[in-house]
Amino acid sequence: MLFPEYRPRRLRRTEALRRMIRETILRPDDLILPLFAIGGRNVRNPIASMPGHYQLSIDQLVEPAAEAWDAGIPAVILFGLPEDKDSRGTSAYQDDGIVQQAVAAVKAKLPEMTVITDVCLCQYTDHGHCGVVENGQIVNDATLELLAETALSHARAGADMVAPSDMMDGRVAAIRCALDDNGFTDLPIMAYAAKYCSAFYGPFRQAADSAPRFGDRRTYQMDPANSLEALREVELDIAEGADIIMVKPALAYLDVIRRIREQANLPLAAYNVSGEYSMIKAGARLGWIDETRVMMEALTAIKRAGADMILTYFAIEAARALQA
Ligand code: PBG
């Protein structure tokens, strides 16, 4: 059937018709809110490049977590800014570390909320890399033990899920093994499986003080030009025991999200990263774009591409817009 018999505009005529044929429905249930924990009391340092986000001391952090929960968001992911950094990221796996304390505080206030922790060393190492450095190289196998130790300490603090973001080979298996050996057989792993070496992380590195002090992350994060490699990374993480896989960033990688959705039968997360958030905020501040509409369009596109859940700094704003 062709024009003039078939006219696609017939089903776009009213809002009720458009609602009936809508294929992708974003829900607050799809969203995960990232939060940044820092030491001290009553600390609320605005993150200049991420309007609406703050480095929060633990007494302040529970509030946005509760706002998210009240807006229908089921989960937060916590990042920590430690007081001390050293070459081996010791503060990442101390039982009284910043993330460990933040997990306990959120769980105490919001026991039903899913609290996910980012497992990585870059915020905790003085060189800012995600692994152990020897002779200027980021060494893989020596890092695994430290990541496993970090995940385990998050589990002991009460985390509901751990999310390794370091991109070392073999980290999912190392973490699974450490969790299982210590009785955390029911704790899921969300693996940052296809994590690209992206300039879209720029604002996050200011927020989390985690920029590498020398070199870059190209020897461990993926080349933005590759998507077959993303499929291999996903296969490996699934084989090693990942429960949820992630693509990161999201908006410049919608094709990767789609390809992985078609190949893998695990829940798929996408990380709408800091730079993606900042660009929309900046455009809106300049009056060049309609912030709410662009935000909803971007998040809907990520879901339409195949993501089941979206980590996004827009989580509370989007959930509220959905409830309105
Ligand atoms: C830590 C980590 C990063 C992000 C999440 N976990 C930064 C990086 O890899 O440099 C980026 C998140 C964002 O940009 O919103 N490895």
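Everything here concerns the structure above.
No experiment lies behind these values; they were computed from the predicted model shown.

Chemist: Explain the layout of surface pockets to me, please; I cannot follow it from the model alone.
Modeler: To locate leftover empty space, one rolls a probe as large as a water molecule over the atoms. In this structure, the largest pocket encloses a volume near 480 Å³. The wall of the largest pocket is formed by 14 residues, among which Arg 22, Glu 23, Thr 24, Ile 25 and Thr 300 lie closest to the centre. For the lining of the largest pocket, the secondary structure elements donating two or more residues are helix H1 (15-20) and helix H10 (291-305). Broken down by element, the lining of the largest pocket gets its largest block of residues, three residues, from H10. Its residues placed into classes, the lining of the largest pocket shows six nonpolar, two polar and six charged.

Chemist: Which parts of the structure should I look at to understand the packing of helix H7 (residues 228-240) against helix H8 (residues 254-263)?
Modeler: Think of two packed helices as two axes; the pair is described by the angle between the axes and how far apart they sit. At a minimum axis distance of 10 Å, the contact between H7 and H8 shows a crossing angle of 45 degrees. The orientation of H7 with respect to H8, classified from their angle, is oblique. In this structure, the crossing between H7 and H8 has a hand that is right-handed. Together, Leu 228, Ala 230, Leu 231 and Val 234 of H7 and Val 256, Arg 259, Ile 260 and Gln 263 of H8 make up the contact between the two elements. Residue classes in the contact of H7 with H8 are distributed as six nonpolar, one polar and one charged.

Chemist: Explain a nonpolar patch on the surface to me, please; I cannot follow it from the model alone.
Modeler: On the surface, Leu 11, Met 20 and Ile 21 cluster together into a nonpolar patch covering about 310 Å² of accessible area. Inspection of the secondary structure puts Leu 11 in the segment before H1. Among the residues examined, Leu 11 registers a relative accessible area of 40% and is labelled partly exposed.

Chemist: Is there a simple way to explain helix H3 (residues 98-109) in this structure?
Modeler: Residues three or four positions apart in an α-helix share a direction because the helix packs 3.6 residues into each turn. Taking 1.5 Å of rise per residue, the 12 residues of H3 would be expected to cover 16 Å, and the 17 Å separating its terminal C-alpha atoms lies within 8% of that figure. Of the positions making up H3, those classed as buried are Ile 98, Val 99, Gln 100, Ala 102, Val 103, Ala 105, Val 106 and Lys 107. Tucked into the core, H3 has its buried residues touching strand S1 (31-38), helix H2 (58-70), strand S4 (75-81), strand S5 (114-119) and helix H4 (141-157).

Chemist: Would you mind showing me how to read empty space enclosed by the protein here?
Modeler: One pass over the structure, following the stated rule, counts two cavities of 30 Å³ or more. One number sums up the size of the largest cavity: a volume of about 110 Å³. Residue lining of the largest cavity: 16 residues in total, with Cys 122, Ser 165, Lys 195, Phe 204 and Lys 248 positioned closest to the centre. Of all the secondary-structure elements, those providing two or more residues to the lining of the largest cavity are strand S9 (190-195) and helix H6 (202-208).

Chemist: Quick question: what am I supposed to make of the site of the ligand here?
Modeler: Close to the ligand lie 18 residues, the nearest being Lys 195, Arg 205, Lys 248, Ser 274 and Tyr 313. Taking 400 Å² as the accessible area of the ligand by itself, protein coverage stands at 100%. Looking at the shell around the ligand residue by residue, the classes come out as 10 nonpolar, three polar and five charged.

Chemist: Explain the packing of aromatic side chains to me, please; I cannot follow it from the model alone.
Modeler: Inspection of every chain in the model, using the stated rule, returns nine aromatic pairs. Joined through ring pairs, the aromatic side chains of Phe 36, Phe 79, Tyr 192, Phe 204, Tyr 271, Tyr 277, Tyr 313 and Phe 314 make up one cluster. Directly above the aromatic system of Phe 204 lies the positively charged group of Lys 248, at a separation of 6.0 Å from the ring centroid. The ring centre of Tyr 271 lies 4.8 Å from the NZ or CZ of Lys 248, which sits over that ring.

About the thresholds
- In this numbering scheme, every chain counts its residues from 1 along its sequence in written order.
- Where local features are concerned, this predicted model is filtered to residues with pLDDT of at least 70; where side-chain atom pairs are given and counted, the filter is 80 or more; whole-chain, interface and lining totals use all residues.
- As a convention, hydrogens and water are excluded, and side-chain values are obtained from all of the structure's heavy atoms.
- We place a 1 Å grid over just the protein atoms. Points where a 1.4 Å probe fits but has no way out form a cavity, open points with protein on both sides within 12 Å along at least 5 of 7 lines form a pocket, and any residue with an atom within 4 Å of a point lines it.
- Grid points are joined across faces, edges and corners, and a volume is the space filled by probe spheres set on the points.
- Under the scheme used here, helices are H or I runs from DSSP no shorter than 4 residues and strands are E runs no shorter than 2 residues, and both carry numbers assigned from the N terminus.
- In this classification, the charged set is Asp, Glu, Lys and Arg, the nonpolar set is Ala, Val, Leu, Ile, Met, Phe, Trp, Tyr, Cys and Pro, and all remaining amino acids, among them Gly, are polar.
- Axis lines are fitted through C-alpha atoms, for helices just across the contact stretch, and the angle between N-to-C directions can take any value from 0 to 180 degrees.
- In what follows, roughly perpendicular refers to angles from 65 to 115 degrees, roughly parallel to angles under 35, roughly antiparallel to angles over 145, and oblique to any angle outside these ranges.
- Two helices crossing with the near one rotated counterclockwise from the far one by less than a right angle form a left-handed crossing, whereas a clockwise rotation gives a right-handed crossing.
- The contact definition used throughout considers only heavy atoms, calling two residues in contact when any of these lie within 4.5 Å.
- Only residues above 30% relative accessible area that lack a salt bridge enter a patch, with like-charged residues linked at up to 9 Å and the nonpolar side chains Val, Leu, Ile, Met, Phe, Trp and Tyr linked at up to 5 Å.
- Reported accessibility uses the Shrake-Rupley method at a 1.4 Å probe radius. Residues are deemed covered only where the shown protein chains occlude them.
- Salt bridges are defined by distance alone: a side-chain nitrogen of Lys or Arg within 4 Å of a carboxyl oxygen of Asp or Glu.
- Exposure is judged per residue with a 1.4 Å probe applied to protein chains only, and the accessible area is read against the type maximum: over 50% gives exposed, under 20% gives buried, and values in between give partly exposed.
- Multiplying 1.5 Å by the helix residue count minus one yields the expected span of that helix.
- Nearness of a residue to a molecule or strand requires only that one of the residue's heavy atoms be within 4 Å of it.
- Centres within 6.5 Å are what make two rings of Phe, Tyr or Trp a pair, Trp counting through its six-membered ring; a difference in plane orientation under 30 degrees is then read as stacked, over 60 as edge-to-face, and the rest as tilted.
- Distance and angle both matter: a charge sits over a ring if NZ of Lys or CZ of Arg is within 6 Å of the ring centre and within 35 degrees of the ring normal.

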